[in-house]
Amino acid sequence: MQYGYWMPVFGGWLRNVENENMQASWDYVKKLAIRSEELGYDLALIAELNLNDIKGAKADSLDAWSTTAALAAVTQRIELMVAVRPTFHNPALLAKQAANIDHISNGRLSLNVVSSWWKDEAEKYGVQFEQHDDRYARTAEWLTVLDNVWKQDHFSFDGKYYKVKDNVLHPKPVSRPRPRIYAGGESEAAKDLISATCDGYVMHGDSPEVIARRIADVSERREKKGLPRMKFGVAAYSIIRNSPTELKKELERITNVQEGSPGYHNYRQWLSGTQLEQQVSLEEYSVSNRGLRSGLTGSPQQVLDRIGAFERAGVDFFLLQCSPQLEEMERFSEAVIGTTAAVS
């Protein structure tokens, strides 16, 4: 099992706690990334939103791509999984940027391709906002261009959304045959596209039983296309405490829902902009990416047992959130990563 985490580019993950002591700043994410390698973490996901989804649109949020380039220069081992939304990036130009960062990191860059869901953000930044299935049709073309300009020269493409003529891109990425591409989504359009074009499938938090069904579904689609096995990752919010009383207290702190807070302003817009298999309650929305559903909460042994259930379901890695991030990642490393490393 590999352990990754979400880089707190929004200054935290709780929509009802204003200050989580984890600033949306270069100094904090640099410190966290360097420390995470010492703690045994394997990868970091750098999310891409130009507005702050967690703390409200007027709060600080770091740019994903310039942050990733800087992190590539100050880390040595962790995989840097940077989110990218096709509606915000020309694929050939993005391929050039990504290849450069891949060289800076010596082959540690990967991409998490995500569908845009936030209509207000797109409009504020002058980007066309398209309906769900149209976004995936665009993404299919986008991935075709990206993959081919990384792999060959003199590539041309004439599609509905993108046109490239006789492209030449040098230097090519360090990673061969290309940087790893991840994506997530629960709609039919998403799962068909991901199983055909990506190397990994990342999922919102859920129980091991639900995750096992999703893995089986995407794996079957993958096998029918004659493609090798993908990597599977799950989002999870981690809380390790030594007693039920301590756990209950922390859960109450982070799910004390305040509907009028800035972070809840776009709750309905988020629901309308996605196609999920299950509805998300307002309380679950208090932390992002349905992380509490994964159930990595409780004593160290309870969390280890839960991780074992995910591993049996076919999960390869977790993308963890916690608050405050540095302190809780240290706690998780001591209780879980160090224990599993010792066993292996």
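The rules behind these values
- Throughout, a residue's number is its position along its own chain's written sequence, starting from 1.
- Side-chain atom pairs in this predicted model are given and counted only at pLDDT of 80 or more, local residue features only at pLDDT of at least 70, and totals for whole chains, interfaces and linings cover all residues.
- To obtain the side-chain values, all non-hydrogen atoms of the structure were used and water was disregarded.
- Axis definition: a line fitted to C-alpha atoms, limited for helices to the stretch in contact. Angles are taken between N-to-C directions and run from 0 to 180 degrees.
- A helix here means a DSSP run of H or I that spans at least four residues, while a strand means a run of E at least two residues long, and both kinds are numbered starting from the N terminus.
- Working rule for angles: under 35 degrees goes down as roughly parallel, over 145 as roughly antiparallel, 65 to 115 as roughly perpendicular, anything else as oblique.
- Should the near helix be turned anticlockwise from the far one by less than a right angle, the crossing is left-handed, and should it be turned clockwise, the crossing is right-handed.
- Should any heavy atoms of two residues lie within 4.5 Å, those residues are considered in contact.
- All residues other than Ala, Val, Leu, Ile, Met, Phe, Trp, Tyr, Cys, Pro, Asp, Glu, Lys and Arg, Gly among them, are scored as polar; the first ten of these are nonpolar and the last four charged.
- Pairing of aromatic rings covers Phe, Tyr and Trp, the last through its six-membered ring, and needs centres within 6.5 Å; plane angles under 30 degrees mean stacked, over 60 mean edge-to-face, and all others mean tilted.
- Classification of residues uses two cut-offs on accessible area relative to the type maximum, computed with a 1.4 Å probe and protein chains only: under 20% is buried, over 50% is exposed, and between them is partly exposed.
- Only Lys NZ and Arg CZ are tested; either one counts as a charge over a ring when it is within 6 Å of the ring centre and within 35 degrees of the ring normal.
- Regarding the arc, it is the one traced by the directions from the helix axis to the C-beta atoms.
- By definition, two strands form a pair when at least two bridges between them are found by DSSP.
- The handedness rule is simple: strands pointing away from the viewer, and a clockwise path from the first strand over the helix to the second, make the crossover right-handed.
- Whenever two N or O atoms come within 3.5 Å, that pair is a polar contact, provided that in protein one can donate a hydrogen and the other can accept it, and provided that, for residues adjacent in sequence, both atoms are side-chain atoms.
- Buried residues of nine kinds, namely Ala, Val, Leu, Ile, Met, Phe, Trp, Tyr and Cys, make up a nonpolar core once their side-chain atoms join them within 4.5 Å.
- Lining residues are those with an atom within 4 Å of a point, where the points come from a 1 Å grid over the protein atoms alone and group into cavities, where a 1.4 Å probe fits but cannot get out, or pockets, open sets with protein on both sides within 12 Å along at least five of seven lines.
- Grid points are joined across faces, edges and corners, and a volume is the space filled by probe spheres set on the points.

Q: Which parts of the structure should I look at to understand the packing of helix α3 (residues 91-105) against helix α5 (residues 132-151)?
A: Each pair of packed helices can be described by the angle between their axes along with the distance between the axes. Remark: α3 packs on α5, axes separated minimally by 9 Å, with the N-to-C direction vectors making an angle of 45°. Between α3 and α5, the angle is such that the two are oblique. Two packed elements cross with a definite hand, and for α3 against α5 that hand is right-handed. Counting all contacts with α3, which are made through P91, A92, L94, A95, A98 and A99, the residues of α5 involved are W142, V145, L146, V149 and W150. Across the contact of α3 with α5, the residue classes break down as eleven nonpolar, no polar and no charged.

Q: Please explain the packing of aromatic side chains as it appears in this structure.
A: Aromatic ring pairs are reported here in terms of the distance separating the ring centres and the angle at which the planes meet. Using the criterion set out here, one finds nine aromatic pairs in the structure. For the ring pair F10 and W13, a centre distance of 6.3 Å and an interplane angle of 90° mean the geometry is edge-to-face. Judged by its relative accessible area of 1%, W13 falls in the buried class. Measuring from ring centre to ring centre gives 5.3 Å for F310 and F318, while their planes differ by 90°; the resulting arrangement is edge-to-face. Assigned by exposure class, F310 and F318 land together as buried. Within the aromatic cluster, the residues linked to one another by ring pairs are Y3, F310, F318 and F332. Stacked on the ring of F88, the Lys or Arg R85 has its end atom at 3.9 Å from the ring centre.

Q: Looking at this model, I keep getting lost on helix α8 (residues 244-254). Mind explaining?
A: Structural remark: α-helix, 3.6 residues per turn; residues separated by three or four positions point the same way. Listing the buried residues of α8 in full gives L247, E250 and I254. Taken end-on, α8 shows its buried residues confined to a sector of 65°, consistent with a single buried face. Opposite its buried face, α8 presents the exposed residues P244, T245, K248 and K249, each directed more than 90 degrees away. Summarising the contacts, the buried residues of α8 are in contact with β9 (231-237), β10 (239-240) and β11 (297-298).

Q: Hey, could you run me through the pairing of β9 in this one?
A: Two faces make up the sheet, and in a regular strand the side chains alternate between them. Most of β9 is tucked away, with six of its seven residues classed as buried. Strand direction decides the pairing type here: strand β8 (residues 200-203) and β9, joined by four bridges, are parallel. Bridge pairing in β9 links M203 to V234. With respect to chirality, the unit in which β8 leads through helix α7 (residues 208-224) into the neighbouring parallel β9 is right-handed. Sheet topology note: the β9/strand β12 (residues 317-321) ladder contains five bridges and is parallel. From the neighbouring strand, V234 faces β12, where its bridge partner is F318.

Q: Please clarify how the pairing of strand β1 (residues 2-6) should be interpreted in this entry.
A: Taken across its five residues, β1 has four buried, putting it largely inside the fold. Here β1 runs beside β12; their pairing, made up of four bridges, is parallel. Note on β12: the bridge partner recorded for Q2 is F317. In this sheet, strand β2 (residues 43-46) lies alongside β1 in parallel orientation, the contact comprising three bridges. Each bridged residue has a counterpart across the sheet, and for W6 the counterpart in β2 is L45. Tracing the backbone out of β1, into helix α1 (residues 26-39) and back to the parallel element β2 gives a crossover that is right-handed.

Q: What am I meant to see in the sheet that holds β8 here?
A: The strands making up a sheet associate through backbone hydrogen bonding, with each pair oriented either parallel or antiparallel. Spatial strand order, β1-β2-β3-β4-β7-β8-β9-β12: eight strands in a closed barrel with parallel pairing. Strand-to-strand, the axes of this sheet are offset by a mean angle of 25°, without reference to chain direction. With respect to the sheet, α5 is in contact with β3 (79-84), β4 (109-113) and β7 (180-183), its orientation differing from that of β4 by roughly 165°.

Q: In this structure, what is going on with the environment of K55? I would like to understand it.
A: You can see K55 is positioned in the loop between β2 and α2 (64-74). Residue K55 is classed as buried on the basis of its relative accessible area of 15%. Along the primary structure K55 and R77 are separated by 22 residues, whereas in three dimensions their C-alpha atoms are 30 Å apart. In this structure the side chain of K55 is engaged in a polar contact, spanning 2.4 Å, whose partner is the side chain of E20.

Q: I'm lost on the nonpolar core in this one. Help?
A: One recurring pattern in soluble globular proteins: nonpolar side chains tend to sit buried together. Of all hydrophobic cores here, the largest spans 98 residues; its most connected members are M7, L111 and F332. By residue number, the principal contributor to this core is α5, which donates seven residues. Not counting residues within four places of it along the chain, the set of residues in contact with F332 comprises Y3, Y41, S238, I240, V303, I307, L320 and I337.

Q: How do you make sense of empty space enclosed by the protein when you look at a structure like this?
A: In this approach, a probe sized like a water molecule rolls over the atoms, and the result shows the empty space that is left. Tallied over the entire structure, the rule returns two cavities of 30 Å³ or more. The wall of the second largest cavity is formed by V113, V114, S115, Y136, T139, L143, A183, G184, L193, I194 and C198. Among the elements of the structure, α5 and α6 (188-197) are those that each provide at least two residues to the lining of the second largest cavity. Take the lining of the second largest cavity: its biggest share by element is three residues, from α5. When grouped by side-chain class, the residues that make up the lining of the second largest cavity number eight nonpolar, three polar and no charged.

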